[in-house]
Amino acid sequence: GNRYNKIAKGFDEKSWKIRKDTAEGLTDVISILDEYDELTSNFKEISNLLIKSLQQEYQIDTYLVLTKNFHELCNLQNTPEAYYIDETLGSRLIDTKKFTKDQLQQLLQTRRKKGRSLQYNYGVLYPSDESALTSFLSEQYKGFPLVTMGEVFPISRDILQKIPLKYILRYLVLPFKLEGRRLFMAMENPRNMEIISDLQFIIGYSIVPFVAGEYYLINTIEKAYNTTVNVAEIDKAVEKIKKEEDLEYVEEKDEDFSTNLEEELEGVRGPVVRLVNLILKEAITQKASDIHIEPYENELRVRFRIDGTLIKVMSPPFKFKNSIISRIKIMSRLNISEKRLPQDGRFKVKLDGQCIDLRVSTIPGNYGEKVVMRVLDKSNLQLDIVKLGLQEEDLKAIMTCMYKSKGMILVTGPTGSGKTTTLYSMLKKLNDGSKNINTAEDPIEYNLRGVNQFQMNPRIGFDFACALHSLVRLLDMGIESFLVATSISLIIAQRLMRKICPDCKEIITPNEMHLDILKKRGVGPSKIIFYKGSGCIQCNYTGYKGRLAIYEVLPMWMDIQEAIIKGESLLELNEKANRLGLEVLQKVGLSRVLAGITTIEEWLRVSL
């Protein structure tokens, strides 16, 4: 034991001579271990020590001694195949007599500077010698087919799109051929069954793994997808994935729910649990607001709503459709046997120490139940009314009405337009401790300290009508027009617009249709620079990243009140509001286009 400790301490960076002497000393240790069968556990310790040293060594003499000892150790263990690993490539190259010691020294030094494996750096030094490296990989991965990337490129775009680019870059794999439901895929290590299993779940194809040289694989990925592979970032991401805690289901106590959750989970454990966790983690990581799981005749589609737009992210195997939905229903405490009626539920998960609420809705469809999950990540909630993007005059109008002793403020907009954030920001500003503030919510998305928040529960009859009756005594919701005019202080209409991705932002020339639309609004394009995003990995190739809110704020001016009481038409109300200075959504949105924040297409989509 003491001798082993001395050996381990010898592997430091003091000098290559010390490391070489230490490596040669291992020969004696290996021969001693061979005489005592009861010490076979030490074989593994010495083996790991040698591999670690081989990964770090950059002097050829020491490296060759280490590989010789590792070779002998593998033979003594009756596992000669264990010798054929990336770390011994240099010695195997020397054995061919076609690779000189000077070349090996250069290879070791290159690995020291660039990192990664010897075979990767072999490609760096000899980019046109892929076939020679492939023959060495055949020794290392016996039983697996090999592929030379130079012989399969270019690859059909249809095949490349079978695996989303983010997974290509995460796992360093590349599809190159499709036969029926079998997808042929090049990868660095075909023995990594976790990667193969994950991808089979995600894309719904049976994967046939092929061995490819690491450098040549990365180079082909860059050419095929017109992207750049940041090897250092990938290594960091892999280490982070290995170290971080997995997604954790947070079980909430509910006295009305008597089902034994653990017993029901037994039916859908294993791969399906991993797949559902993967879907949830991806959605949270990509800051998706919604998850859609949709069954069709022969396909199960998973889409995320990112920045207000649905994006397809994966197509898991159709055969797991019922198991995936059952898993989500159990987590949401829904009735898994009820498949004829819509159901609503919720559950919590914890990722990286952060709790995330998910609201779940299921609805029966032609080919099975569709599931929609709303992701409520409280850490992303910005509750500062000054930072919402309101124009100065609109902000003043809102603040004035907020502090009035009476009157309603209506906030309107479609689902996902940021109404909750706007309302919470107002409440936070008002919440100075001097007022009694009550809310009726479903769901309560954020806990506001000092505000009385009431969660609606239709199962027991506590709905919005009941809450309003209790809080403000409004008995008749069929309000007359003269009451509307005098009761409402302010009306806000809002939308969320996607912002151009800063990583792929480029100047464009508007087409004829866009020029005509701009001309009708008094915009001379000769004086304006227009932009769009060309699409990159940072924005999932959408050209957009992040969103901003645009607002149309209508104070209840006296002229507007009179017009409402008189029952004037919507057209007349619009004309009167415009004369009084109303900034409509179209105009506010166009100002964001002219400022280079968003595109003409996004402005037209949101505000027209």
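Residues numbered from 1 in each chain as written. Predicted model: local features only at pLDDT ≥ 70, side-chain atom pairs only at ≥ 80, totals over all residues. Heavy atoms only, no water.

A tally of regular secondary structure across the chain gives 26 helices and 17 strands. Within the chain, the proportion of its 608 residues that are buried is 44%. In the chain, once contacts between residues fewer than 6 apart in sequence are set aside, the share between residues at least 24 apart is 62%. In the structure as shown, the chain presents an accessible area of about 32600 Å², 50% of it carried by carbon and sulfur atoms. (Helix = DSSP H or I, 4+ residues; strand = E, 2+ residues; numbered from the N terminus. Buried < 20%, exposed > 50% of the residue type's maximum accessible area, 1.4 Å probe, protein only. Contact = heavy atoms within 4.5 Å. Areas by Shrake-Rupley, 256 points an atom, 1.4 Å probe, with all protein chains shown as cover.)

Now for the environment of Ile444. You can see Ile444 is positioned in the loop between strand S12 (438-441) and strand S13 (452-455). The class for Ile444 is buried, based on a relative accessible area of 15%. Expressed as a C-alpha distance, the spacing of Ile444 and Met456, which sit twelve residues apart in the sequence, is 8.8 Å. Beyond its immediate sequence surroundings of up to four residues, Ile444 is in contact with Arg359, Tyr424, Gln453, Phe454 and Gln455.

Here the focus is the confidence of the model for the chain. For the chain, the mean per-residue pLDDT works out to 82, and 84% of the residues sit at or above 70. Note that residues 3-14 has pLDDT below 50 and, in this model, 22 contacts with residues that lie over four places away or in other chains. When the criterion is pLDDT under 50, residues 255-268 qualifies, and its contacts beyond four places in sequence or with other chains add up to 16 contacts. (pLDDT = per-residue confidence, 0-100.)

Close contact between helix H4 (residues 60-76) and helix H6 (residues 101-114) brings their axes to 10 Å; oriented N to C, the two are set at 95 degrees. Considering the angle they form, H4 stands roughly perpendicular to H6. Here Ile60, Tyr63 and Leu64 of H4 lie close against H6, whose contacting residues are Lys101, Leu104, Gln105 and Leu108. (Axes fitted to C-alpha atoms, helices over the stretch in contact; angles between N-to-C directions. Parallel < 35°, antiparallel > 145°, perpendicular 65-115°, else oblique.)

A few words on the environment of Ser53. For Ser53, the location among the structural elements is in helix H3 (residues 41-56). Distance in space between the C-alpha atoms of Ser53 and Tyr63 is 8.4 Å, their sequence separation being ten residues. A polar atom in the side chain of Ser53 sits 2.9 Å from the backbone oxygen of Leu49. (Polar contact = N/O pair within 3.5 Å; in protein donor to acceptor, adjacent residues only side chain to side chain.)

The way to describe two aromatic rings as a pair is by their centre distance and the angle between their planes. Within this structure, the stated rule accounts for eleven aromatic pairs. Between Phe99 and Tyr122 the ring centres are 6.2 Å apart and the planes differ by 40 degrees, which places this aromatic pair in the tilted class. Placement of the pair is Phe99 in the loop between helix H5 (89-95) and H6 and Tyr122 in helix H7 (residues 118-125), with a sequence separation of 23 residues. Here Phe99 matches Tyr122 in class, with each residue buried. Plain terms: the ring middles of Phe99 and Tyr126 are 6.0 Å apart, the flat faces sit at 75 degrees to each other, and that makes the pair edge-to-face. Of this pair, Phe99 sits in the loop between H5 and H6 while Tyr126 is found in the loop between H7 and helix H8 (130-140), placing the two residues 27 residues apart along the sequence. Under the relative-accessibility criterion, Phe99 is labelled buried at 8%. Connected via pairs of aromatic rings, a cluster forms that spans Phe70, Tyr83 and Tyr84. Directly above the aromatic system of Tyr205 lies the positively charged group of Arg181, at a separation of 4.1 Å from the ring centroid. (Phe/Tyr/Trp six-rings, centres within 6.5 Å; stacked < 30°, edge-to-face > 60°. Lys NZ or Arg CZ within 6 Å of the ring centre and 35° of its normal.)

The topology assignment puts Glu369 in strand S10 (residues 368-376). Note on Glu369: relative accessible area 6%, which makes it buried. Only 3.1 Å separates the side chain of Glu369 from the side chain of Lys329, close enough to count as a polar contact. Beyond its immediate chain neighbours, meaning those up to four positions away, Glu369 contacts Ile293, Pro295, Ile325, Lys329, Glu338, Lys339, Thr362, Ile363 and Pro364.

Right, let's get into the pattern of salt bridges. Close approach of charged atoms lets side chains of opposite charge pair. In total, this model carries 22 salt bridges according to the counting rule given. For the salt bridge of Glu139 with Arg92, the shortest nitrogen-to-oxygen distance reads 3.1 Å. With Glu139 in helix H8 and Arg92 in helix H5, this pair connects stretches of sequence that are 47 residues apart. Glu139 gets classed as partly exposed once you look at its relative accessible area, which sits at 31%. Linking Glu179 and Lys177 is a salt bridge whose minimum nitrogen-to-oxygen distance equals 3.1 Å. (Salt bridge = Lys/Arg side-chain N within 4 Å of Asp/Glu carboxyl O.)

What follows deals with the pairing of strand S9 (residues 354-365). One ladder, built from nine bridges, connects strand S8 (residues 343-351) with S9; its direction is antiparallel. Across the sheet, residue Leu351 finds its bridge partner in S9, namely Gln354. Between S8 and S9, which pair antiparallel and follow one another directly, the connecting turn spans two residues, one of which, Asp352, has a positive phi of 55 degrees. Sheet topology note: the S9/S10 ladder contains nine bridges and is antiparallel. In the sheet register, Pro364 faces S10, and the bridge partner there is Glu369. Here S9 folds back onto S10, and the loop between the two strands holds two residues. (Pairing = 2+ DSSP bridges.)

Time to look at the sheet that holds strand S3 (residues 206-211). Taking strand neighbours across the sheet as the criterion, the three strands line up as S1-S2-S3 in an open arrangement whose pairing is mixed. Whereas interior strands pair on both sides, the edge strands pair on one side only; in this sheet they are strand S1 (173-179) and S3. Taking each pair of neighbouring strands and ignoring which way they run, the sheet shows an average axis angle of 30 degrees. Where S1 lies against strand S2 (residues 182-187), six bridges are found, and the strand directions are antiparallel. Bridged to Glu179 within S2 is Arg182. The sheet strands contacting helix H12 (residues 193-203) are S1, S2 and S3, and the helix crosses S3 at an angle near 140 degrees.

Looking now at the sheet that holds strand S11 (residues 408-412). Read across the sheet, three strands follow the order S11-S14-S17 without closing on themselves; strand pairing throughout is mixed. What marks the edges here is a single partner per strand, and that holds for S11 and strand S17 (544-555). Within the sheet, the average angular offset between the axes of one strand and its neighbour, ignoring direction, is 25 degrees. With ten bridges connecting them, strand S14 (residues 488-500) and S17 associate as antiparallel partners. Each bridged residue has a counterpart across the sheet, and for Ala493 the counterpart in S17 is Glu552. Packed on one face of the sheet, helix H19 (residues 419-430) meets S11, S14 and S17 and runs near 155 degrees to S11. Contacting S14 and S17, helix H25 (residues 585-594) crosses the sheet at an angle of about 145 degrees to S17.

Here we come to the nonpolar core. Ranked by internal contacts, the top residues of the largest apolar core, which has 101 residues, are Leu199, Ile291 and Met373. Among the elements that make up this core, the one with the highest residue count is helix H16 (residues 271-285) (eight residues). The contacts of Leu199, once residues within four sequence positions are left out, are Ile163, Tyr167, Tyr171, Val173, Met185, Gly204 and Ile207. The next biggest cluster of nonpolar side chains, apart from the first, holds 23 residues, and it includes Ile398, Leu490, Ala549 and Val553. (Core = buried A, V, L, I, M, F, W, Y, C linked by side-chain atoms within 4.5 Å.)

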